[in-house]
Amino acid sequence: MLVSSKISPLPCLQPPAHNLHGVFTKSFLLPYSRTLTAPRKGSPTPRTLIKVSSSSSPSSENQAAVFDVASKPQVQDAAEVVRRFYGGINGRDLASVEPLIGEKCVYEDLIFPRPFVGRKEILEFFKSFMDSISKDLQFAIDDISAEDSSAVGVTWHLEWKGKAFPFSKGCSFYRLEMVDGTRQIVYGRDVVEPAIKPGKTALGAIRAVTWLLQQFPQLADQL
């Protein structure tokens, strides 16, 4: 026996093709966009141009609008600032070092009796270093911490034409802060390998000093 049946099409879960434009414009607003980057006239800061194309109906011509959005300058991380600092010293390029140092920076090199305070005094110190030391003597970074955005530790040594220089190992610590949108070094400390290594004699000296402080506590006031 023949049984007749009627198969009805399932309801469409997607809008018809002719209505896709309305769906895109209502849901996404920007059916087509392209981003271009160009320098802003009279300013070193680049600008971003966003071109958006749309059409009001399938038969109408595409229309385009261009929006000018100021690009945000990329802020370098702390480790990169410190790398640039060493790069400037190695290149004997004081001008590139200057903007990396905070105006009120304090820099301690423990082979000197007192710290260098302020950008001007620090730059004068590095200028004397650059003027008196051959460019063949270069800092080589062994390891650098990159996890913290405000503090960086570095181990380094000096090299003469690519070969390790004697008694030149050191470690440094730098603290950085954001100043006017730029990350700058506000504190630094260098500890350099001593040319004369006292070994166990240093432990004897420390033991003698601590014994004196225990016997004469008033001496601690003069430390």
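Quick caveat, the model's predicted, so the values are computed rather than measured.

Student: Can you lay out the overall build of the chain for me, pointing to particular residues and giving the numbers?
Tutor: Along the backbone of the chain there are 5 helices and 10 strands. For the chain, buried positions account for 25% of its 223 residues. When the accessible surface of the chain is totalled, it reaches about 16400 Å², and 59% of it is carbon and sulfur.

Student: Report on the side chain of Arg92, specifying residues and quantitative values.
Tutor: Inspection of the secondary structure puts Arg92 in the loop between α2 (78-90) and α3 (94-97). This buried residue, Arg92, is left without a salt bridge; Asp131 holds the nearest opposite charge, at 7.9 Å. Only 2.8 Å separates the side chain of Arg92 from the backbone oxygen of Ile89, close enough to count as a polar contact. Here Arg92 is in contact with Phe129, Met130, Ile133, Ser134, Lys135, Leu137 and Gln138, once residues within four sequence places are set aside.

Student: Explain the confidence of the model for the chain residue by residue, including any values.
Tutor: When the pLDDT values of the chain are averaged, the result is 78; 66% of them are 70 or greater. Of all the helices and strands in the chain, helix α1 (residues 20-27) carries the lowest mean pLDDT, 41, while strand β5 (residues 116-117) carries the highest, 98. Contacts of residues 1-10 to residues separated by more than four positions or lying in other chains number 0 contacts, the stretch itself having pLDDT below 50. Under a pLDDT of 50 for its full length, residues 12-61 has, in the predicted model, 68 contacts with residues more than four places off or in other chains.

Student: With reference to specific residues and values, describe the pattern of salt bridges.
Tutor: Evaluation of the coordinates by the stated rule reveals 4 salt bridges. In this structure, Lys127 engages Asp131 in a salt bridge whose closest nitrogen and oxygen atoms are separated by 2.9 Å. Here Lys127 pairs with Asp131, and both are found in helix α4 (residues 119-132), just 4 residues apart, close to one helical turn. Of the charged contacts, one joins Glu193 and Lys197 as a salt bridge, the two residues approaching to 2.4 Å between their closest N and O atoms.

Scoring rules and cut-offs
- Residues numbered from 1 in each chain as written.
- Predicted model: local features only at pLDDT ≥ 70, side-chain atom pairs only at ≥ 80, totals over all residues.
- Heavy atoms only, no water.
- Helix = DSSP H or I, 4+ residues; strand = E, 2+ residues; numbered from the N terminus.
- Buried < 20%, exposed > 50% of the residue type's maximum accessible area, 1.4 Å probe, protein only.
- Areas by Shrake-Rupley, 256 points an atom, 1.4 Å probe, with all protein chains shown as cover.
- Lys, Arg positive; Asp, Glu negative; His and termini not counted.
- Salt bridge = Lys/Arg side-chain N within 4 Å of Asp/Glu carboxyl O.
- Polar contact = N/O pair within 3.5 Å; in protein donor to acceptor, adjacent residues only side chain to side chain.
- Contact = heavy atoms within 4.5 Å.
- pLDDT = per-residue confidence, 0-100.

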